[in-house]
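# Coordinates in review
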Amino acid sequence: MRSRLRSAGLLDIADKLDAGIRLSLEDGVRLFEAGDFLLVGWLANRESEKRNGGRTFYNYNSRIEATNVCVASCLFCSFARLKPGDADAYTMSLDEAWDKLRSRAAQPLTEIHVVNGLHPDLPFSYYTDLLTGFKRIRPNIHLKCFTAVEIAFFADLYQMTDEQVLRELMAAGLDSLPGGGAEIFAERVRQKICHDKCGADRYLDIHRIAHRLGMRSNVTMLYGHIETAEERVDHMLRARTLQDETGGFQAFIPLAFHPDNNQMRKLPAPSAADTLRVHAVARLVLDNVPHIKAFWIATGVEVAQTALWFGADDLDGTVQEEKIYHMAGSRTPEAMTTREIERLIRAAGREPVERDTLYNVVAHAV
Ligand code: SF4
């Protein structure tokens with residue numbers, strides 16, 4: 001193996017990993033540029049198995065996207081509609097949103113994941129009532145809701161600080177933050193693809209505050225559009241730096257760009273090889289983030305399975321009713337049963353472990 005690592009120009013990186021020395025920006029870029037991407041995967045798999053053995057985590061969750069009305073104009077987005085009344089624009093009434101949870105009364109869900117567009121006309125009470133209602137229906141459900149971009153939007157719209165927004169949402173039942181909205185932190189890219197929403201520093205600061213208030217969160221990276229390898233690694237390093245400070249990120253989640261029905265439709269979708277490499281490099285660079293998630297809705301089920309040998313140790317969950325990726329052309333199913341997820345994980349040679357949002361193991365008969 002050492003001779004193969006040497007001929008791929010990766011021996012010094014493998015030695016650093018063995019010695020517990022952190023990878024640099026330049027190391028990360030070299031991993032993206034190395035010809036032998038199976039070797040990059042092998043290195044990542046070693047790191048993954050050191051942390052999690054052969055276990056692959058998933059959770060029994062459900063997504064609710066309560067509105068797709070959004071004042072922002074991210075070029076990669078196929079989900080948002082500018083105004084209420086636009087074709088395909090929708091905003092659920094609170095009862096409609098709560099009914100989504102009520103209708104799953106028989107399911108042993110442990111998490112509700114809520115993300116929305118940036119709706120300009122709803123009162124803040126819509127969001128606090130949404131959370132209180134969910135907790136009234138299922139007091140033990142974990143509410144992982146609202147990206148940092150939504151938190152920043154609420155703060156600006158309702159004239160509060162980011163911390164006040166987080167505190168009020170926590171008082172209403174918020175348990176943790178999802179990682180969406182990170183896209184690529186580099187300003188060059190943000191200016192081109194998502195110039196009118198919260199910037200990288202504020203995104204990270206909102207996660208910093210959330211961690212300080214006792215919540216956990218995840219961090220995502222939208223890849224496969226106009227970003228360079230250096231910008232990908234820079235993104236990972238910024239997440240790593242905050243993680244050094246707070247320890248509050250649970251998982252890093254690469255999100256594949258999907259080109260259908262949005263303003264970047266001329267770009268091709270990222271290849272399977274690129275997707276696998278992104279997961280692998282993330283595992284290698286983010287030495288302080290416990291989990292790398294292959295979000296099967298975005299990668300496709302087969303690639304997500306393969307990613308379990310390229311550094312990923314988490315397959316997200318049952319999901320149910322995903323709109324954001326399906327409006328962008330994803331051909332994955334919108335839901336999987338726990339039995340299907342477990343079968344896919346076993347078929348990939350891994351051991352399925354149901355977890356809750358905080359990675360506690362859930363004993364659950366399927
Ligand atoms: S990605 Fe989010 S903020 Fe951007 S347009 Fe879509 S819904 Fe709005």
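That block above? That's the structure.
This section reports on the structure supplied with the text. All figures in this text were calculated on a predicted structure; none of them were measured in a lab.

### Some details on the site of the ligand
Around the ligand sit C70, A72, C74, F76, C77, F79, A80, G117, L118 and K197, and that is every residue in its neighbourhood. Grouping the amino acids of the shell around the ligand by side-chain chemistry returns eight nonpolar, one polar and one charged.

### Quick word on the sheet that holds strand β1 (residues 55-59)
Taken in spatial order, the three strands make up an open sheet running β9-β1-β10, and their pairing is parallel. Edge strands, defined here as strands with exactly one partner in the open sheet, are β9 (314-317) and β10 (351-354). On average, each strand axis in the sheet is tilted by 25° relative to the strand beside it, whichever way the strands run. Bridge count between β1 and β10: four bridges; the pairing is parallel. Opposite Y58, over in β10, you have E354 as the bridge partner.

### Side note on unusual backbone geometry
Phi at E183 takes a positive value of approximately 50°, unusual for a residue other than glycine. Within the fold, E183 resides in the loop between β5 (176-177) and α9 (187-193). On the accessibility criterion, E183 (7% relative accessible area) is buried. A positive phi angle, near 70°, is found at Y359, a position not held by glycine. With respect to the element layout, Y359 can be found in the segment after β10. Y359 sits in the buried class, given a relative accessible area of 14%.

### Comments concerning the side chain of K135
As for its position among the elements, K135 is in helix α6 (residues 124-137). Here I141 takes part through its backbone oxygen, which lies 2.8 Å from a polar atom of the side chain of K135. With residues up to four places along the chain from it excluded, the contact list for K135 reads I141, L143, G173 and D175.

### Comments concerning the layout of surface pockets
Counted as a void, the second largest pocket has a volume near 180 Å³. In terms of residue class, the lining of the second largest pocket is built from seven nonpolar, four polar and two charged.

### Quick word on the environment of A256
You can see A256 is positioned in strand β7 (residues 249-256). A C-alpha to C-alpha distance of 29 Å links A256 and D156, two positions 100 residues apart in sequence.

### Details of helix α8 (residues 162-172)
Along α8, the residues classified as buried are D162, V165, L166, L169 and A172. Taken around the axis of α8, the buried residues stretch over an arc of 125°, which confines them to a single face. Against α6, α7 (148-157), β5 and α10 (200-212) lie the buried residues of α8. A positive backbone phi angle near 130° is found at G173, which sits one or two residues after α8.

### With respect to the packing of helix α11 (residues 229-246) against helix α12 (residues 272-285)
Packing of α11 against α12 brings their axes to within 10 Å, and their N-to-C directions diverge by 35°. Here α11 and α12 pass one another in a crossing that is right-handed. Between α11 and α12, the residues in contact are R232, M236, L237 and R240 and D274, V278, V281, A282 and V285, respectively. Here the residues of the contact of α11 with α12 sort into six nonpolar, no polar and three charged.

### Describing the pattern of salt bridges
With the rule as written, the count across this model stands at 32 salt bridges. Of the charged contacts, one joins D27 and R30 as a salt bridge, the two residues approaching to 3.6 Å between their closest N and O atoms. On the criterion of helical spacing, the pair formed by D27 and R30 is a turn pair, its members being three residues apart in helix α3 (residues 25-33). According to the relative accessible area criterion, R30 is partly exposed, its value standing at 21%.

### Considerations on helix α5 (residues 94-102)
Residues A97, W98 and L101 constitute the buried set of α5. End-on, the buried residues of α5 take up no more than an arc of 95°, which puts them together on one face. The inward-facing, buried residues of α5 abut β2 (61-64), β3 (111-114) and α6.

### Structural notes on the pairing of strand β4 (residues 142-145)
A two-sided burial pattern is seen for β4, the buried positions comprising H142 and K144 on one face and L143 and C145 on the other. Relative to β4, β3 runs parallel, the two being bridged by four bridges. Its bridge partner lying in β4, E111 is registered against H142. In this fold, β3 hands off to α6, which returns the chain to β4; that crossover is right-handed.

### Some words on the pairing of strand β6 (residues 216-223)
For β6, a buried count of seven out of eight residues is recorded, marking the element as mostly surrounded by other parts of the structure. Pairing between β5 and β6: two bridges, direction parallel. Of the residues in β6, the one forming a bridge with S176 is R216. By the bridge criterion, six bridges tie β6 to β7 in an arrangement that is parallel. Across the sheet, residue L222 finds its bridge partner in β7, namely L255. Crossover handedness for the path β6 to α11 to β7: right-handed.

Cut-offs used in this document
Residues numbered from 1 in each chain as written. Predicted model: local features only at pLDDT ≥ 70, side-chain atom pairs only at ≥ 80, totals over all residues. Heavy atoms only, no water. Near = heavy atom within 4 Å. Nonpolar A, V, L, I, M, F, W, Y, C, P; charged D, E, K, R; others polar. Pairing = 2+ DSSP bridges. Helix = DSSP H or I, 4+ residues; strand = E, 2+ residues; numbered from the N terminus. Axes fitted to C-alpha atoms, helices over the stretch in contact; angles between N-to-C directions. Buried < 20%, exposed > 50% of the residue type's maximum accessible area, 1.4 Å probe, protein only. Polar contact = N/O pair within 3.5 Å; in protein donor to acceptor, adjacent residues only side chain to side chain. Contact = heavy atoms within 4.5 Å. 1 Å grid on protein atoms, 1.4 Å probe; cavity = no way out; pocket = protein on both sides within 12 Å on 5 of 7 lines; lining within 4 Å. Points joined across faces, edges and corners; volume = space filled by probe spheres on them. Arc of directions from axis to C-beta. Left-handed = near helix turned anticlockwise from the far one by under 90°. Salt bridge = Lys/Arg side-chain N within 4 Å of Asp/Glu carboxyl O. Right-handed = clockwise from strand over helix to strand, strands pointing away.

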